[in-house]
Amino acid sequence: MSTVHRYVIFGPDTALAQMPAKVLEAVKPKFSYEYNSQTTGDIVVVSVYEEYERASNSTVTLTTVIEKNSKFVRVQLKKAGGRIGFRGSSIREEQNIESGFLEFVMDFADRHGCSMQKDTSADEPEE
């Protein structure tokens, strides 16, 4: 089972506008798609990162969606793949894709005077 982590970043518009491009430069994805709205200036970047885990002989993919509008940037991370069980449950000591991606986003937010919050509004189940 995979989980989705959502973060919202608030800050100056110039810093928020730079974030999607800077993330793609720093953390190179395997596949990416970018949409720029001509009317509103909104940006949506969808990227897929892939990492092969030699110890468990499995592949882990991280799909990220970065949505930038005039007020904030929303980052969504969905990690899938890998193995769960006896062989694949060992703790890895090196840094994985998800933590490297999040580390860059948090560092970028700190350097540019932005505040980052975990978005819990979408985690509530619908009835």
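Going by the structure above, here's the rest.
This section reports on the structure supplied with the text. Keep in mind the model is a prediction, meaning the values are calculated, not measured.

Time to look at the sheet that holds strand 6 (residues 115-118). Spatially, the six strands line up as an open sheet ordered 2-3-4-5-1-6, and their pairing is antiparallel. Looking at which strands have only one partner, the edges of the open sheet turn out to be strand 2 (31-36) and strand 6. Direction aside, neighbouring strands of the sheet carry axes that sit 15° apart on average. In this sheet, strand 4 (residues 58-68) lies alongside strand 3 (residues 43-53) in antiparallel orientation, the contact comprising eleven bridges. Along strand 4, the bridge assignment pairs Val-48 with Thr-63. Helix-sheet contacts for helix 1 (residues 13-26) involve strand 1 (4-10), strand 2, strand 3, strand 4 and strand 5 (72-81), and the interaxial angle to strand 3 is about 35°.

A few words on the nonpolar core. Of all hydrophobic cores here, the largest spans 24 residues; its most connected members are Ile-9, Val-23, Tyr-49 and Phe-101. For this core, the secondary-structure elements that each account for two or more residues are strand 1, helix 1, strand 3, strand 4, strand 5 and helix 2 (97-111). Val-23 has contacts with Tyr-49, Ile-66, Phe-101, Phe-104 and Val-105, leaving out every residue within four places of it along the chain.

Thresholds applied
- Chains are numbered independently. Their residues run from 1 in the order of the written sequence.
- Local features are withheld for residues below a pLDDT of 70 in this predicted model, meaning they are given only at 70 or higher, and side-chain atom pairs are given and counted only at 80 or more; totals for whole chains, interfaces and linings count all residues.
- The basis for every side-chain value is the complete set of non-hydrogen atoms in the structure, without hydrogens or water.
- At least two DSSP bridges between two strands are required for those strands to pair.
- Note on conventions: DSSP H or I runs of at least 4 residues are helices, E runs of at least 2 residues are strands, and numbering of each starts at the N terminus.
- Note on method: axes are straight lines fitted to C-alpha atoms, helices fitted across the in-contact stretch only, with angles between N-to-C directions ranging 0 to 180 degrees.
- Any pair of residues with heavy atoms lying within 4.5 Å of one another is described as a contacting pair.
- Put simply, buried Ala, Val, Leu, Ile, Met, Phe, Trp, Tyr and Cys residues joined by side-chain atoms within 4.5 Å make one nonpolar core.
- Burial classes follow relative accessibility: with a 1.4 Å probe on protein chains only, a residue under 20% of its type's maximum area counts as buried, one over 50% as exposed, and anything between as partly exposed.

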